[in-house]
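Structure at a glance
The residues making up each chain are set out below.
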Amino acid sequence: IFRAKQSVHHIAARLPSLRSFLERNSSTFFFIWNRIVPYKDGTILLAVAVFHRQLAVGEDPAFDNLLNTFLEADETDADKYRNSRFKYLTQMVEAPMAVKRGLQFMGGTRPIIFGGKVDQRHFTGKNYMEVDLDVTSSKIACLTCGPVVCHSQ
C-alpha cells in the first residue's frame, strides 16, 4: 500500500521496485491489481496486489480459455470487454455496522463488476497484465469506500 497525492496509473511502469521485480522474473506471468482509493486529508491510497499463476497451463482448460480471452481481447473493444467481465469479490471479517451496511450497499459479498461504474484501466507488458480500479472517479464509490478504508488496519 502506497500513499499518494493523486491517482497513479500503470504502477508496473512507474514503480521502480515493481518494474525491477517483473524484469527479474520475466519467465513468470503476473496479474497486477492497483486499487486507487480515497484516504484522509485529500490523499489517495494505492493498494497494489501482484498475483502469479499457480495453476499449470492445461490443468483447467475452462480457466485457460477465460484468461486468454480476457488477456487477448480485440484491441478495438478490449477495455469495453474487460470492463464488462472483471469481477470483484469483497470479504470483510470484522467491521463496524456502518461499514458493513456500506459494503452491502455496494453489492455485499457477491461478485460485482465495477467497470461501468468507476474508471478502470488496463495495461499490459511482456509478462504482466495490470488492472487499475480508480475509486476516486465515482462520488458514490468514494462515499462508500471512505469509511471502509478508514476502519481498515
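One structure accompanies this document, and this report is about it. (Residues numbered from 1 in each chain as written. Predicted model: local features only at pLDDT ≥ 70, side-chain atom pairs only at ≥ 80, totals over all residues. Heavy atoms only, no water.)

1. Re the overall build of the protein chain
- Looking only at helices and strands, one finds 6 helices and 7 strands in the protein chain.
- Starting at the N terminus and ending at the C terminus, the protein chain contains elements arranged as β-α-α-β-β-α-α-β-α-β-β-β-α.
- In the protein chain, once contacts between residues fewer than 6 apart in sequence are set aside, the share between residues at least 24 apart is 56%.
- In the form shown here, the protein chain has an accessible surface area of approximately 9900 Å², with 54% of it arising from carbon and sulfur atoms. (Helix = DSSP H or I, 4+ residues; strand = E, 2+ residues; numbered from the N terminus. Contact = heavy atoms within 4.5 Å. Areas by Shrake-Rupley, 256 points an atom, 1.4 Å probe, with all protein chains shown as cover.)

2. Here we look at helix α3 (residues 61-71)
- All of the buried residues along α3 are Asp 64, Leu 67 and Phe 70. Down the axis, α3 shows its buried residues gathered within 135° of arc, on one side only. Those residues of α3 that are exposed and angled more than 90 degrees off the buried face are Pro 61, Ala 62, Asn 65 and Leu 66.
- On the buried face of α3, the contacting elements are β2 (30-38), α4 (78-85) and β7 (128-134). (Buried < 20%, exposed > 50% of the residue type's maximum accessible area, 1.4 Å probe, protein only. Arc of directions from axis to C-beta.)

3. A closer look at unusual backbone geometry
- Positive phi values are uncommon outside glycine, yet His 10 reaches one of about 55°.
- Judged by relative accessible area, His 10 falls into the buried class, the value being 18%.

4. Some thoughts on the layout of surface pockets
- Counted as a void, the second largest pocket has a volume near 580 Å³.
- Contributing to the lining of the second largest pocket are 14 residues, with Phe 31, Phe 63, Leu 67, Phe 70 and Phe 86 lying nearest its centre.
- Taken together, the elements giving at least two residues each to the lining of the second largest pocket come down to β2, β3 (44-52), α3 and α4.
- Residue composition of the lining of the second largest pocket, by class: 10 nonpolar, 1 polar and 3 charged. (1 Å grid on protein atoms, 1.4 Å probe; cavity = no way out; pocket = protein on both sides within 12 Å on 5 of 7 lines; lining within 4 Å. Points joined across faces, edges and corners; volume = space filled by probe spheres on them. Nonpolar A, V, L, I, M, F, W, Y, C, P; charged D, E, K, R; others polar.)

5. Let's talk about the sheet that holds β3
- One open sheet holds the 5 strands; their spatial order is β1-β3-β2-β7-β6, and the pairing between them is mixed. Here the strands that pair on one side only, and so sit at the sheet edges, are β1 (2-4) and β6 (119-125). Adjacent strand axes in the sheet meet at a mean angle of 20° when their direction is disregarded.
- By the bridge criterion, 7 bridges tie β6 to β7 in an arrangement that is antiparallel. Note that in β7 the partner of Arg 121 across the bridge is Asp 132.
- Along the sheet, α4 contacts β6 and β7; its crossing angle with β6, the most-contacted strand, is approximately 115°. (Pairing = 2+ DSSP bridges. Axes fitted to C-alpha atoms, helices over the stretch in contact; angles between N-to-C directions.)

6. Observations regarding the pairing of β7
- In terms of burial, β7 is a largely internal element, 7 of the 7 residues being buried.
- Along β7, one buried face is formed by Tyr 128, Glu 130, Asp 132 and Asp 134 and the opposite face, lined by Met 129, Val 131 and Leu 133, is buried too.
- Bridge count for β2 against β7 is 7 bridges, and the pairing is parallel. By the bridge assignment, Asn 34 is partnered in β7 with Asp 132.
- Remark: 2 residues form the turn of the hairpin made by β6 and β7, two consecutive strands paired antiparallel.

7. Some details on the packing of aromatic side chains
- Following the criterion strictly, the structure yields 4 aromatic pairs and no others.
- A ring pair is formed by Trp 33 and Phe 86, whose centres lie 5.6 Å apart and whose planes are at 75°; its orientation type is edge-to-face. With Trp 33 in strand β2 and Phe 86 in the loop between α4 and β4 (87-88), the pair connects residues that are 53 residues apart, well separated along the chain.
- Among the residues examined, Trp 33 registers a relative accessible area of 8% and is labelled buried.
- Phe 86 gets classed as buried once you look at its relative accessible area, which sits at 15%. (Phe/Tyr/Trp six-rings, centres within 6.5 Å; stacked < 30°, edge-to-face > 60°.)

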